[in-house]
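Residue-level structural notes
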Amino acid sequence: MDKNNARDVTPEDFDPIDGLPYAPLGDKDAAGGSTAVGASRSEEPATLTGKAAPTEVMPETPTETVSLAQPEPEPVPVEPPAKRGTMDFGLLLLRLLLGGFLILESLTTLFRLGGSEGIGALRDAFDAYTYASGLSVVVPVLQLTAGVFLVLGLLAPIASLVSVVVTGFMALHGIVDGADSWNAFAWDANVWLPIVLFGLALGLQFTGPGFYGVDAKRAWTRRPLGWAWACALLGLVIAGAVWWFGTGVNPLS
């Protein structure tokens, strides 16, 4: 043993992978017939044993396919025209009846036709009211305007609104002037006629003018829902305001 060697060689100093057997000096059997350390290598290849490290497999990310084709629009159902039968003809008759009466009544008052005393007679009928002179002119003018537009079927919601105002005013006048009480069974025809005309005007406001008129292509000739409620309520409010501020009479007293 060399003096510079601090310790003897041990089996741990050799890597088993190299396949170099270790044997002390002079031991031929352990060294495979060699008298030197590492004199010969084993003819059999060295094998490694053990478990390999597990391989991590990443999951595949699903890919979405985006279709560039535009969806076809859904077909819009077309509403078939409603079969109205003779409804439009009936509405025409109602318009001619109400509009014709308002025209004749206004012309009789404005131009003293048929032996009428005209505006003076109407002023005398309104004598108990606050603004009798103004009402005696405004009432026949409103009657003529509403009557002409109703007969033509032109601007039917506005025409019906004006007719509601003037017939409503005359209905209250008939009750206050011609009825002694609110007993409807005791009212005569002069009281009932303005009330019937008021009912016709209010009814035409909700039915519309029909297709036999100038406004045949307007929306309110078929479905006057929004226009009907708005103009009917506005007409009632205006009629009440004209009566309250124009006459100064409480019809319920």
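Each value, and the rule that gives it
Residues numbered from 1 in each chain as written. Predicted model: local features only at pLDDT ≥ 70, side-chain atom pairs only at ≥ 80, totals over all residues. Heavy atoms only, no water. UniProt positions renumbered as here; feature names shortened; annotations may be inferred. Helix = DSSP H or I, 4+ residues; strand = E, 2+ residues; numbered from the N terminus. Expected span 1.5 Å × (residues − 1). Buried < 20%, exposed > 50% of the residue type's maximum accessible area, 1.4 Å probe, protein only. Contact = heavy atoms within 4.5 Å. Phe/Tyr/Trp six-rings, centres within 6.5 Å; stacked < 30°, edge-to-face > 60°.

1. Regarding the UniProt feature "transmembrane region" (unreviewed entry) in the protein chain
UniProt's entry tags residues 92–111, 131–151, 158–176, 191–214 and 226–246 with the feature "transmembrane region" (unreviewed entry), counted in the numbering of this structure. In this annotation, residues 131–151 is assigned 95% helix and 0% strand; the end-to-end C-alpha distance for the span is 30 Å. Here residues 226–246 is 100% helix and 0% strand, with 29 Å between the C-alpha atoms at its ends.

2. Examining helix 6 (residues 225–247)
Here helix 6 contains 23 residues, and its C-alpha end-to-end distance of 33 Å stays within 8% of the 33 Å for a straight helix at 1.5 Å per residue. For helix 6, the set of buried residues is Ala228, Cys231, Ala232, Gly235, Ala239, Trp243, Gly246 and Thr247. The inward-facing, buried residues of helix 6 abut helix 3 (132–152), helix 4 (156–178) and helix 5 (189–207). One or two residues past the end of helix 6 sits Gly248, with phi positive at roughly 70°.

3. Considering the packing of aromatic side chains
Scanning all chains against the criterion turns up seven aromatic pairs. Between Tyr129 and Trp243, the aromatic rings sit 5.3 Å apart at their centres with planes inclined by 70°, giving edge-to-face as the arrangement. Placement of the pair is Tyr129 in the loop between helix 2 (119–125) and helix 3 and Trp243 in helix 6, with a sequence separation of 114 residues. For the pair Tyr129 and Trp243, one class covers both residues: buried. In this structure an aromatic cluster arises from ring pairing among Phe126, Tyr129, Phe169 and Trp243.

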